Amino acid sequence: MQMIQQTADLSAYLAADEVIDHHHPVVRETAARLADGVADSYEYARVAFEFVRDTIPHSQDSGDPRVTWRASDVLEQGTGICYAKAHALTALLRAEDIPTALCYQKFDVVHGLVAVRFNGAWHRQDPRGNKPGVDARFSLEGERLAFTPDPASNEMDYPVLYAAPHPAVLDVLRAAPDRPHLWKTLPTAL
């Protein structure tokens, strides 16, 4: 799949905002802890990916009713759905100057991922969290995502690499009082 940057300005994929708040002390402290002792940015990206994938449960899998959307809240509260976990990973990677984009897939609902830029190319990663039947891994040599779309079932990979969360995603996260409500309002397309 040919991925398309939403903006040609690579610095947009390093920016902080209200959601990807990599300037927040919780994000900075977590990034510093993860960066301690790693050899290079590749290793840091893998360690940050595994941290988000493995230590922040996907709230649907764990039954946690809280809805998080800001990266610092995801890290502080230790919960989030795929979008929120993607926001947290994006903030951790950008905190260490690794260009990171948000990207999406369409299944019954929209699923959130990230893409990291190394060696002049984008590489998609899925930090949603593994469970039986899901084995996502950090990889720069071929995708190891949680799910593969089936075009015959109207599933797809969206090619756009966003510098900020898609408004359809952010709107439902912000409006949801709890995860059961969120689950009824997840976007089905972008």
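Just above sits the structure.
Model, not experiment: these values are computed from the prediction.

Caption draft 1: Layout of helix α5 (residues 82-95). Between its first and last C-alpha atoms α5 spans 20 Å; for 14 residues at 1.5 Å apiece the expected length is 20 Å, and the two agree. For α5, a buried count of 14 out of 14 residues is recorded, marking the element as mostly surrounded by other parts of the structure. Looking one or two residues past α5, aspartate 97 carries a phi angle of roughly 60°, positive in sign.

Caption draft 2: Structural view of the side chain of aspartate 21. Structurally, aspartate 21 is set in the loop between β1 (4-5) and α1 (25-35). An unpaired buried charge is present at aspartate 21: no salt bridge exists, and arginine 70, the closest side chain of opposite charge, is 4.4 Å distant. Within the structure, the side chain of aspartate 21 is placed 2.5 Å from the side chain of serine 72, a separation counted as a polar contact. Sequence-distant contacts of aspartate 21, defined by excluding residues within four places in its chain, comprise Val27, Arg70, Ala71, Ser72 and Ala91.

Caption draft 3: Focus on the packing of aromatic side chains. Enumeration over the complete set of coordinates arrives at six aromatic pairs. Look at phenylalanine 49 and phenylalanine 138: their rings are 5.8 Å apart centre to centre, the planes differ by 50°, and that puts the pair in the tilted class. Linking phenylalanine 49 in helix α2 (residues 41-55) with phenylalanine 138 in the loop between β4 (121-125) and β5 (156-157), this pair joins segments that are 89 residues apart in sequence. Pair check on accessibility: phenylalanine 49 and phenylalanine 138 agree, each one buried. With a centroid separation of 5.7 Å and 70° between ring planes, the pair formed by phenylalanine 107 and phenylalanine 147 is classed as edge-to-face. On the criterion of sequence distance, the pair formed by phenylalanine 107 in the loop between β2 (100-106) and β3 (110-118) and phenylalanine 147 in the loop between β4 and β5 is long-range, its members being 40 residues apart. Residue classification places phenylalanine 107 among the buried positions, given a relative accessible area of 14%. When its relative accessible area of 29% is taken as the criterion, phenylalanine 147 is described as partly exposed. The lysine or arginine in question, arginine 174, covers the ring of tryptophan 69, its NZ or CZ lying 4.6 Å from the ring centre.

Here is what the cut-offs are and how they apply
- Residues numbered from 1 in each chain as written.
- Predicted model: local features only at pLDDT ≥ 70, side-chain atom pairs only at ≥ 80, totals over all residues.
- Heavy atoms only, no water.
- Helix = DSSP H or I, 4+ residues; strand = E, 2+ residues; numbered from the N terminus.
- Expected span 1.5 Å × (residues − 1).
- Buried < 20%, exposed > 50% of the residue type's maximum accessible area, 1.4 Å probe, protein only.
- Lys, Arg positive; Asp, Glu negative; His and termini not counted.
- Salt bridge = Lys/Arg side-chain N within 4 Å of Asp/Glu carboxyl O.
- Polar contact = N/O pair within 3.5 Å; in protein donor to acceptor, adjacent residues only side chain to side chain.
- Contact = heavy atoms within 4.5 Å.
- Phe/Tyr/Trp six-rings, centres within 6.5 Å; stacked < 30°, edge-to-face > 60°.
- Lys NZ or Arg CZ within 6 Å of the ring centre and 35° of its normal.

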